[in-house]
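# Structural overview for review
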Amino acid sequence: MANEQARQPARDPQDLERLLIARQWAGDIDGMVALFAPDAVIDSGEKDLTRGREAIRALFAEIIEAGRKFQRGEQRSAAINGDLALTSTRLPDGTITTEVARRQADGTWLWVIDRYSVAW
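Notes on the structure follow. Only a predicted model underlies this, so the values are computations on that prediction, with no experimental measurement involved.

### Structural notes on the sheet that holds strand S5 (residues 96-103)
Strands sit in the order S2-S1-S6-S5-S4-S3 across an open sheet of six strands; the sheet is mixed. Where the open sheet ends on each side, the last strands, each with one partner, are strand S2 (50-51) and strand S3 (74-81). Bridge analysis of strand S4 (residues 84-90) against S5 gives seven bridges, and the strand direction is antiparallel. Counted as the bridge partner of alanine 85 is alanine 101 from S5. Where helix H1 (residues 15-25) meets the sheet, it contacts strand S1 (36-43), S3, S4, S5 and strand S6 (109-115), and its direction lies at approximately 80° from that of S6. With respect to the sheet, helix H3 (residues 53-65) is in contact with S1, S2 and S6, its orientation differing from that of S1 by roughly 50°.

Right, here's the structure in full:
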């Protein structure tokens, strides 16, 4: 899965979560990062937002190194408006994630905002 040519792109915003989890379980950090736009932002609940692919790569490397595994949850249907989509998932522990995806020029989708939990 490490070969970028072999990575399946997200043709639908609903694909992003499935692909992220599969790549995370495989230890494919670059594949995980490839699901995010270059200017993406992640709110993992820490003090500061994680901005840009290099910072996102470092965040995912820490998560994998710690042995943490993302869990599949109940995904809600994406709310799509033009080239933007709102995705969300209720995880097994009850946490709800929210993400904003943007359609790319080639028709694929990348996340631009990822919030690990809507509770605070």
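### Considering H1
H1 sits mainly inside the fold: eight of its eleven residues count as buried. With its phi angle positive at about 75°, glycine 27 sits one or two positions after the end of H1.

### Some thoughts on the environment of aspartate 83
Checked against the element boundaries, aspartate 83 lands in the loop between S3 and S4. Owing to a relative accessible area of 45%, aspartate 83 belongs among the partly exposed residues under this scheme. It is 9.1 Å that separates the C-alpha atoms of aspartate 83 and glycine 107, two residues lying 24 residues apart in sequence. Look past the residues within four positions of aspartate 83 in its chain and what remains in contact with it is Ala101, Arg102, Arg103 and Trp109.

### Structural notes on H3
Here H3 contains 13 residues, and its C-alpha end-to-end distance of 18 Å stays within 8% of the 18 Å for a straight helix at 1.5 Å per residue. All buried positions along H3 are accounted for by Ile56, Leu59, Phe60 and Ile63. Down the axis, H3 shows its buried residues gathered within 95° of arc, on one side only. Set apart from the buried face of H3 by more than 90 degrees, the exposed residues are Glu54, Glu62 and Glu65. Looking at the buried side of H3, the elements it contacts are H1, helix H2 (29-33), S1 and S2. Residue glycine 67 follows H3 closely and has a positive phi angle near 80°.

What counts, and at which threshold
Residues numbered from 1 in each chain as written. Predicted model: local features only at pLDDT ≥ 70, side-chain atom pairs only at ≥ 80, totals over all residues. Heavy atoms only, no water. Pairing = 2+ DSSP bridges. Helix = DSSP H or I, 4+ residues; strand = E, 2+ residues; numbered from the N terminus. Contact = heavy atoms within 4.5 Å. Axes fitted to C-alpha atoms, helices over the stretch in contact; angles between N-to-C directions. Buried < 20%, exposed > 50% of the residue type's maximum accessible area, 1.4 Å probe, protein only. Expected span 1.5 Å × (residues − 1). Arc of directions from axis to C-beta.

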